[in-house]
Structure formats: structure tokens, C-alpha cells
Amino acid sequence: MEYQIQLDIFQGPLDLLLHLIEKDEIDIYNIPIALITDKYLEYLHTMQALNLEMVGDFLVMAATLMQIKAKLLLPQLATEDAAGTEEEDPRFELAQKLIEYKKIKEAALSLQALEGRQAKFYTRISGDFADQKVAPEQDGLKDLSIWDLLEAFKVIMESIDPKPIEAVPKQAVSIKQRMTEILDLITAEGRIFFKIIFNDVRTKIGLITCFLAVLELVRLHKVIVLQDALFGEITLSLPEKVCNNV
Amino acid sequence: MNLIMVRAIIEALVFSSSEPINSKTMSDIIGISEHTVKQILTDLIEDRIRTQSGLHIIEVANGYQFVTHPECAPYVEKLQKAPRNVGLSQAAIETLAIVAYKQPITKAEIESLRGVSIESSLNTLVEKNLVEEAGRKDAPGRPILYRTTRQFLKYFGLNGLSELPQIPEWVDSAESLKFGVEHDGGGQNA
């Protein structure tokens, strides 16, 4: 929780860095990198202890700081070679970024002032039409009516078998028997809907038997299964009806 | 149609419009010059301030709009059940400031300036219709460019981007952004 508060204060690594620099009244173009890096890391450790997830952006800056620190510490070996193209202060880029960020903060501050000023103006519509217009867009359920709910409930009611549970038939129908029945039905009708064959079945074992019977028929190429569209009705028919060659 | 009547009509038009209405629209409706409309509006605005009316007319987003007097705000607030917009978060306003002054700008460019990921604050701004997409940058990956909206001007009570608070050193870039083409052309000729 404490970390959340810090997040509010510091909008990011640049913000934190700027804070550290301004607190100690440091010249932005002459940042004592070692000192600032230490302070920055100190902060980072506190943050990490509190929340590991959101420190990614801060870690990148820590790496940059340490890189700059390392560059400054290393003795300039090739002074003669680099005489022409004078080595740029590794802190320069960071200083540029900080200055740019400082301007952003200034800009944000003046925008905030404008925001505050404007918030005192109430427009005529803010109380009436505007609210009505905005509200339905905010929830994604704008088109749902009571009838949609009723429809949904009906589907649920239908899925629950309203008929009272009867005595479990003692003699279960065998898969083979079911296969014959289904095949007869298809032969008679030409093609049938997949769900039709489950119509009179009310027990779990009966449903499974039925399904296995269909699978077996498909495996034996005695029946083919078709679907006209995604999630559409599944149709069963005899192979001859589709493939005349067979 | 006498002047008093025209004045009344203009007042009525500003009042009845749910969005800031511009002087051109009013001049078309009434059938008088835009210049006259503007003159009458200036007079109306001053009149309301002078008589300390509870309703003011302000010029915003290149149009005119009725608003309540700022000093009445605490009372109006009591009438409206919930306190209105809580204001943008610090993160959102920083992102918005970058878009406002540097537009059109890509997400990556904003992130580089702020030094943090701006995914959520940019989404908030787009959702609030303060920032919108402005095509794609001609760069690898063709990243989406963002700019501020008319709603942005309304939200901050600005007439145009030129009214943005001036930030030292940014003034140049903001101006070149708006008149860039003309300036470049002039420079080349000279």
C-alpha cells in the first residue's frame, strides 16, 4: 500500500530522478552520478520490497545510471585517437531527457490549472442530456431488455427436463441395438438432425449409448455427419445421399 | 429585423445549442454577417459580466457556450448530486501535455519522454475523447500517431492549440507545428 502512495508522487524514473536532483539543488548539467545513483537505488530497493511488479521502468533507469557511472570511472584510454571527435559527456543525454521531462511537468501543471478553472464552469447540458447520452455507452449491455432475460431463462428451463424422473429402465439398450435404430431412422427419413436421436432418451446411460452408437456408425462409414455452419445444426445422413459414387 | 431582436436570437441560439456554437453557423442561420454576430456576442459577453449575471457566455473550442458563473460553482455542485469530473490523474495529464505540445506523436515517443509505459493513461485519454488517432507515422512498423481532440479544447477551455499555455523553448516547436509549412516555404524563398 505504501508503494501505491509513492507511485502517486513519482510518475516514473525521470520524475524520481528529477526529485532527487532538485531536492539537493544539483546542477542538472553536472550531476554527481555516483551520489545520485546511490540515492536512486536506495529508493528502488524500498519500492522493490513493497511491490515487485511495477518497477520495470525504474530498473531500466537504474541500469542507465550505472552505465554512466561506469563510463565516468573508466580512464579515458584513447585520448589521442579521440582528440578530434571529443568524447561526449555520458551524462549529457540524461540531462537532456531530464530537462525535457521538466518541461513536460510544467506543461502538465499549467494544463491542470486550466482544468481547475474550467471545472468551475457548468454548462447547461452537463446536468441533463449529457448524462443520458454518456450512461448507456459506459456499460456494454445497452441492448439487453427484459425480454432477452426472459428468453435466456426459457432456454435454461428447457434444458432442464420438466418431466418427472421415471424409474430407471432395468434393461439398458445396447449400442448395437441403438445403431440399428438410428440407421433405420436415417434410412426412413433420408437425413435427420443429430439432436433428434436423443429426443426420447432420458437417462445418462441412454444418452451415452446413443452417442457411442453414432460414433460407431461414423467409424464404420455407415453414416456421415454434416454441419452447415459454425454452431449450426448437425445433420446425419447416409453416405450414398451425398456421395453417389459409393 | 432590428438589433434587439438579432441580439435575442443569438442569445437563444447559444443557449439552445448543446455544443459550443460558432459564429459562422449563427450568421448562416440568421442571415447576417459573421462580423456582426461576433460584435453582438462580444457585447453580450461583456453585458453579462457587467450585470454580474449567474450565466456567462464563454468562447471555447472556436465557439460560444453558456456557462454558470465560476463563483456559483459550489452551489451548482450541491444541486448536482455527484461531484463532477475528479480531474485527470497526474500520469494522464503528463501524457496529455506531451500529446498537446508535440502532436502528432507516437506512443513510443511519448514513452521515451515520460520514461514510463503509458499504455493505461493513453487509453484513458482516448476513452475520454481527449486524444484521438491521427493516422500513422511513416516509420518502421508504421506506428499510430496521436493528437488532441476538440473535446480537449473544450475540457481546458481553449479556443485553439495556439492558446495552450506557453512553455519556454517549446513555443517554437508548437508554432512550427501549426505554421510549419508556411514557415518552411518562406525560409526557402528567402
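It should be emphasised that the depicted structure is a prediction, and the values quoted were computed from it without experimental measurement.

1. A word on the packing of aromatic side chains
Moving on, step 1. Taken as a whole and assessed by the stated rule, the structure comprises four aromatic pairs over all chains.
Moving on, step 2. Plain terms: the ring middles of Phe194 of chain A and Phe211 of chain A are 6.3 Å apart, the flat faces sit at 70° to each other, and that makes the pair edge-to-face. Separated by 17 residues along the polypeptide, Phe194 of chain A in the loop between strand 1 (191–193) and helix 9 (204–219) and Phe211 of chain A in helix 9 bring together distant segments of the chain.
Moving on, step 3. Exposure remark for Phe211 of chain A: the relative accessible area of 38% places this residue in the partly exposed category.
Moving on, step 4. Seen from their ring centres, Tyr155 of chain B and Phe156 of chain B are 4.9 Å apart, and the 80° between their planes marks the pair as edge-to-face.
Moving on, step 5. With a relative accessible area of 16%, Tyr155 of chain B lands in the buried category.
Moving on, step 6. Three or more aromatic residues joined by ring pairs form one cluster here, namely Phe152, Tyr155 and Phe156 of chain B.

2. A closer look at the sheet that holds strand 5 (residues 144–148) of chain B
Residues and elements named next belong to chain B.
Moving on, step 1. Here we have three strands laid out as an open sheet, ordered 3-5-4, and antiparallel in their pairing. The open sheet has two edge strands, strand 3 (105–106) and strand 4 (131–136), and neither has a second partner.
Moving on, step 2. With four bridges connecting them, strand 4 and strand 5 associate as antiparallel partners. Bridge pairing in strand 5 places Glu133 opposite Tyr146.
Moving on, step 3. Lying over the sheet, helix 5 (residues 90–102) contacts strand 3, strand 4 and strand 5, oriented at roughly 90° with respect to strand 5.

3. What to know about helix 2 (residues 13–23) of chain A
Moving on, step 1. With eight of eleven residues buried, helix 2 of chain A is to be regarded as a mostly interior element.
Moving on, step 2. Count one or two residues on from helix 2 of chain A and you reach Glu25 of chain A, which has phi positive near 50°.

4. Comments concerning the side chain of Gln65 of chain B
Moving on, step 1. Locating Gln65 of chain B in the fold gives a position in strand 2 (residues 63–68).
Moving on, step 2. For Gln65 of chain B, a relative accessible area of 8% gives the class buried.

5. Details of the packing of helix 2 of chain A against helix 4 (residues 56–73) of chain A
Residue and element names in this part refer to chain A.
Moving on, step 1. Contact pair helix 2 / helix 4: the axes reach a minimum separation of 9 Å and the direction vectors enclose 55°. The orientation of helix 2 relative to helix 4 falls into the category oblique. Facing Pro13, Leu14, Leu16 and Leu17 of helix 2, the residues of helix 4 in contact are Asp57, Phe58, Met61 and Leu65.
Moving on, step 2. Looking at the contact of helix 2 with helix 4 residue by residue, the classes come out as seven nonpolar, no polar and one charged.

What counts and how
Residues numbered from 1 in each chain as written. Chains lettered and ligands numbered in written order. Predicted model: local features only at pLDDT ≥ 70, side-chain atom pairs only at ≥ 80, totals over all residues. Heavy atoms only, no water. Phe/Tyr/Trp six-rings, centres within 6.5 Å; stacked < 30°, edge-to-face > 60°. Helix = DSSP H or I, 4+ residues; strand = E, 2+ residues; numbered from the N terminus. Buried < 20%, exposed > 50% of the residue type's maximum accessible area, 1.4 Å probe, protein only. Pairing = 2+ DSSP bridges. Contact = heavy atoms within 4.5 Å. Axes fitted to C-alpha atoms, helices over the stretch in contact; angles between N-to-C directions. Parallel < 35°, antiparallel > 145°, perpendicular 65-115°, else oblique. Nonpolar A, V, L, I, M, F, W, Y, C, P; charged D, E, K, R; others polar.

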